[in-house]
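Take a look at the letters that make up each chain.
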Amino acid sequence: MFAAERRQLILEMVRANGAVSLRELARVVQTSEVTVRRDVRALEAEGLLDRRHGGAVLPGGFTRESGFPQKSHLATAEKTAIADLAAGFVEEGEAIVVGAGTTTQELARRLARVPGLTVVTNSLLVAQALAHANRVEVVMTGGTLRGSNYALVGSGAEQSLQGLRVSRAFLSGSGLTAERGLSTSNMLSASVDRALVQAAGEVVVLADHTKLGSDTMFQTVPTDVITRLVTDEPPGHDDRAATELQALADQGVQIAVAGGAGAGHGAGQQGLDSAGERRGPRRDVPLPGQRRSHAPGGGGGAPQLRPATPLSEAQGGRVADLAPRRR
């Protein structure tokens, strides 16, 4: 394929999906990521798209939301590794909330094996993944169906979450930055996600490295409310994603890095030893329930909150704790 043909195809993919990873672009145009990166730079110079960590997005600084068919084919290996690791933070008999998204759908498939679990969700895809789990109780919110991501949104969804108290919330979104936290491109989805956060004592964000540094229109979870980020390891050349991770750690977010498709780049990430642990002392971060004064109190029938599972005990992947920089 000639360069002009490659670049036209790359541009069409970005316009159709809003955001596409370099790995996916390289697969579709059947060339190397190095060549695709060169093409993306050329298209950015013409003002046709913007580069982001490990990918390309529509120009203008804010990515628009892709539909479920497009999202389900992006960063699939990374989402699988993230879901494997995140499932290790869930304990038997726990009550949690799980938001909408393709990464949380992968998590739900793994939660079907956790006995005595109660899952509150506004996602039809999450509920479907747990529909045949005999030992898992699924509680659906009310609301209006949003077809693009199969999620229930609106005042009905938010009202059904009032008075709810669970131990953890697992959320994903369209972008994540240390400055604004988790964000999404849709106002209704953002509002429901904020209601899910209000119901939880701990907030766990699931986001692959292509979302690091991407900023979308509506903030859902401020950085100081995020307890943990479960992500995959950025490629060795992606210095900006590594910088964003460190900035999140500096603000008190525990970083759990899942092994998988990107695990081979571990030696190139600054501060990681051969075992995948960040050198230097760990920093224990208090639960958001201890930091937030606006979270609703638990009712008499609310499940008992459990302390956060230490990162070193998490199952299903390689974990790296990022300690704040010494100043």
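Check the entry above for the structure.
Now for a description of the structure that goes with this document.

The rules behind each value
Residues numbered from 1 in each chain as written. Predicted model: local features only at pLDDT ≥ 70, side-chain atom pairs only at ≥ 80, totals over all residues. Heavy atoms only, no water. Helix = DSSP H or I, 4+ residues; strand = E, 2+ residues; numbered from the N terminus. Contact = heavy atoms within 4.5 Å. Areas by Shrake-Rupley, 256 points an atom, 1.4 Å probe, with all protein chains shown as cover. Phe/Tyr/Trp six-rings, centres within 6.5 Å; stacked < 30°, edge-to-face > 60°. Lys NZ or Arg CZ within 6 Å of the ring centre and 35° of its normal. Buried < 20%, exposed > 50% of the residue type's maximum accessible area, 1.4 Å probe, protein only. Pairing = 2+ DSSP bridges. Polar contact = N/O pair within 3.5 Å; in protein donor to acceptor, adjacent residues only side chain to side chain. Axes fitted to C-alpha atoms, helices over the stretch in contact; angles between N-to-C directions. Salt bridge = Lys/Arg side-chain N within 4 Å of Asp/Glu carboxyl O.

Bringing the overall build of the chain into the picture now. From N to C terminus, the chain includes 11 helices and 15 strands. Pairs at least 24 apart in sequence give 71% of the contacts found in the chain among residues at least 6 apart. Entry remark: accessible area of the chain is about 14000 Å², with carbon and sulfur atoms responsible for 50%.

Taken as a whole, this structure holds zero aromatic pairs when the rule is applied. Above the ring of Phe89, the side-chain terminus of Arg228 is found at 4.5 Å from the ring centroid.

Within a regular strand, the side chains alternate between the two sheet faces. With six of its six residues buried, strand S9 (residues 166–171) lies for the most part within the structure. Judged from the five bridges that link them, S9 and strand S12 (residues 200–206) form a sheet pairing that is parallel. Bridge pairing in S12 places Val166 opposite Ala200.

Checked against the element boundaries, Thr231 lands in strand S14 (residues 228–232). Its relative accessible area of 0% is what places Thr231 among the buried residues. Of the polar contacts made by the side chain of Thr231, one reaches the backbone oxygen of Ala207; its length is 2.7 Å.

Here we have three strands laid out as an open sheet, ordered S10-S11-S13, and antiparallel in their pairing. The strands lining the two open edges of the sheet, one partner per strand, are strand S10 (175–177) and strand S13 (218–221). With direction set aside, neighbouring strand axes in the sheet form an average angle of 40°. Across the sheet, helix H9 (residues 187–198) is in contact with strand S11 (181–184) and S13; its angle to S13 comes to roughly 20°.

Strand order in the open sheet made by the three strands is S1-S3-S2, with antiparallel pairing throughout. Only two strands of the sheet have a single neighbouring strand rather than two, namely strand S1 (19–21) and strand S2 (50–52). Each strand of the sheet is rotated relative to its neighbour by a mean of 25°, with strand direction disregarded. As paired elements, S1 and strand S3 (residues 55–57) share three bridges and run antiparallel to each other. Bridge pairing links Ser21 to Gly55 in S3. Sheet strands in contact with helix H2 (residues 22–29) are S1 and S3, and its direction is about 75° off that of S1.

For the structure shown, the criterion picks out 14 salt bridges. Between Glu106 and Arg109 there is a salt bridge, and its shortest N-O distance comes to 2.4 Å. You can see Glu106 and its partner Arg109 sitting in helix H6 (residues 102–111), three residues apart, about one turn around the helix. Under the relative-accessibility criterion, Glu106 is labelled buried at 16%. In this structure, a network of salt bridges that share partners links the residues Glu91, Glu94, Arg168, Glu202 and Arg228.

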